[in-house]
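Spelled out, the chains give:
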Amino acid sequence: MKPKIMKTESEYDEALEHISTLMNLPQSQERDDEIELFTSLIEKYEDEHYPVDLPDPIDAIRFVMEQQQLTQKDLVSVLGSASRVSEVLNRKRPLSIAMMRALHDELGIPAEILLQDTLVHEVPARKYDLSQYPFREMVHLGYFPGYEKVREAKLYFEKVLEDLFSIFPSGSPEVMYCRQGESKNQANRNALLAWQAHILHRVKGHNPCTFNRDRLDDEFFSALLEFSQYSHGPLLVEEYLASYGILFVTEAHLPGTYIDGAAFISGDKTPVVALTLRYDRVDNFWFTLVHELAHIKLHLESNSKAFFDAIDGSEGRTADGPEAEADALAREMLFPAKDVESLLAHSPVDNTLIHQYASRLKRNPALIAGRLRWESGDYSRYTDIIRSAKIRQLFQ
């Protein structure tokens, strides 16, 4: 048979028979050259008329497992759990994009094989950089419902972060005046927004009374701060603020955030005050609370901005603009300037005198002591009063 470009099925069959005949002849260079030539002609015909489909993704996974001598147990670290491996291999669970990426990265399975049954033509670029988030702590703190194990959440980290940040329908808010205080640490903005998003998920659907900024007057703050007299006073804050249309939550801070409190507006247009209880002190709790309420009264108009504040355990920090305004209002509400002057007229100001003023003003003595420490710049004073009560245990 003379070599030629095959155009029909009969010519193709004839060429296959010719190669079979050649294979039975004694080996020679002439025979081998002719076999190579006809093989090339046959492959050209097959490529044009019998294109080889991509292997099925599950078949490809099983093939790679066989080639690399892997068991289903070996795929747990790739797909997340033993049950998920079984479901995927038995075609009871479709491959997600996260699974496809893991199979591509860990087992080297070509993306075009894994993606052939989807409308996606290549593995999408990662939207989030996992290294930019305190991911382990976020998992342990319940940021990703349904994912209790870090390993499983990491496998689907793009999905769980997408779900977390979906609470910001029009994009992340602008981080406002994230004061670093005395620590000088640079806050992790990604962690801050993750913390805020988690709180917004927590409060979603909670609708207190209608908020009216004009109601946040001196009487409002005075009645609120009277709760500080009582050991259980912080537990009364949530209900009290709800009666004014403000949501109050406590949520542990994330590593890299360095914050004590924040004020922002929820997707339901409801003001939110969130405290981290980073410092387990009465004076810090009440000062931070009133500072954030001052932001709501003076500065917050929409959910496009969020105020984050690092108090660093004291009131002794430099501030300007809205922060200075919030500080001034907080100081005046906690311990009015006229009463500060009256108290400082006595010398020395001892613990007994502080308790007397606290009783008259219906305030916790720690609030008075904290203000005096700020006025003097001496934070070694009145430590027995400052440390006399704890806050965190009330919210456990």
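All figures in this text were calculated on a predicted structure; none of them were measured in a lab.

Asks: Which residues make up a negative patch on the surface, and what values go with them?
Replies: A cluster of like negative charges, contributed by Glu-9, Asp-13, Glu-14 and Glu-17, occupies part of the molecular surface. As for its placement among the helices and strands, Asp-13 is situated in helix H1 (residues 9-23).

Asks: Can you lay out the packing of helix H12 (residues 218-226) against helix H15 (residues 321-334) for me, pointing to particular residues and giving the numbers?
Replies: Here H12 crosses H15 at 60 degrees, and the two axes come no closer than 10 Å. On the basis of their axis angle, the class for H12 and H15 is oblique. Where H12 crosses over H15, the two elements pack in a sense that is right-handed. Residues Asp-218, Phe-221 and Leu-225 of H12 touch H15, and the partners they reach there are Leu-329, Met-333 and Leu-334. The class makeup of the residues in the contact of H12 with H15 is five nonpolar, no polar and one charged.

Asks: Account for the pattern of salt bridges, naming residues and giving values.
Replies: Applying the stated criterion across every chain yields a total of eleven salt bridges. Here Arg-278 makes a salt bridge to Asp-260, at a shortest N to O gap of 3.1 Å. With Arg-278 in the loop between strand S4 (271-275) and helix H14 (282-298) and Asp-260 in the loop between strand S2 (247-250) and strand S3 (261-265), this pair connects stretches of sequence that are 18 residues apart. Asp-260 matches Arg-278 in its accessibility class, with the two residues each being buried. In this structure, the salt-bridge partner of Asp-339 is Arg-360, at a minimum N-O distance of 3.3 Å. Taken as a pair, Asp-339 in helix H16 (residues 337-344) and Arg-360 in helix H17 (residues 351-361) lie far apart in primary sequence, 21 residues in all. Taking relative accessible area as the criterion, Asp-339 reaches 4% and is therefore assigned buried. When salt bridges that share partners are traced, they join Asp-56, Asp-59 and Arg-91 into one network.

Asks: I'd love a proper account of the nonpolar core, names of residues and values included.
Replies: Core analysis: the biggest nonpolar cluster contains 62 residues, and Ile-61, Phe-144, Leu-161, Phe-165 and Trp-195 have the highest contact counts within it. Sorting elements by how many residues they give to this core places helix H11 (residues 189-203) first, with nine residues. Sequence-distant contacts of Trp-195, that is, excluding residues within four places in its chain, are made with Tyr-143, Glu-251, Ala-252, His-253, Leu-254, Ile-259, Ala-262, Phe-264, Ala-274, Thr-276 and Phe-308. Counting residues in hydrophobic clusters, the runner-up holds 53 residues, among them Phe-221, Phe-285, Trp-286 and Ile-311.

Calculation criteria
- Each chain carries its own residue numbering, running from 1 in the written order of its sequence.
- The model is predicted, so local features are restricted to residues of pLDDT at least 70 and side-chain atom pairs to those at 80 or more, both for listing and for counting; the totals for chains, interfaces and linings are taken over all residues.
- Based on all heavy atoms of the structure, the side-chain values leave hydrogens and waters out of the count.
- Here a patch means residues that are over 30% exposed by relative accessible area and free of salt bridges, tied together within 9 Å if like-charged and within 5 Å if nonpolar (Val, Leu, Ile, Met, Phe, Trp, Tyr).
- With residues, only the protein chains shown are counted as cover, and all accessible areas are computed by Shrake-Rupley using a 1.4 Å probe.
- The term salt bridge refers to a pairing of a side-chain nitrogen on Lys or Arg with a carboxyl oxygen on Asp or Glu at a separation within 4 Å.
- Note that His is not counted, nor are the chain ends; the positive residues are Lys and Arg, and the negative ones are Asp and Glu.
- Note that the charge is assigned to NZ on lysines, CZ on arginines, CG on aspartates and CD on glutamates.
- Strands here are runs of E lasting at least two residues and helices are runs of H or I lasting at least four, both read from the DSSP assignment and numbered beginning at the N terminus.
- For helices, the fitted line uses only the C-alpha atoms of the stretch in contact; every axis is such a line through C-alpha atoms, and the angle between N-to-C directions lies from 0 to 180 degrees.
- Any angle that is under 35 degrees is reported as roughly parallel, and any over 145 degrees as roughly antiparallel; angles of 65 to 115 degrees are reported as roughly perpendicular and all others as oblique.
- Definitions for this section: a left-handed crossing has its near helix turned counterclockwise from the far helix by less than a right angle. A right-handed crossing has that turn clockwise.
- We call two residues in contact when some of their heavy atoms are within 4.5 Å.
- Residues are grouped as follows: Ala, Val, Leu, Ile, Met, Phe, Trp, Tyr, Cys and Pro are nonpolar; Asp, Glu, Lys and Arg are charged; all remaining types, including Gly, are polar.
- Here the term buried applies to any residue with accessible area under 20% of the maximum for its type, exposed to any over 50%, and partly exposed to those in between, with areas from a 1.4 Å probe on protein chains only.
- The set of buried Ala, Val, Leu, Ile, Met, Phe, Trp, Tyr and Cys residues whose side-chain atoms join them within 4.5 Å is what this entry labels a nonpolar core.

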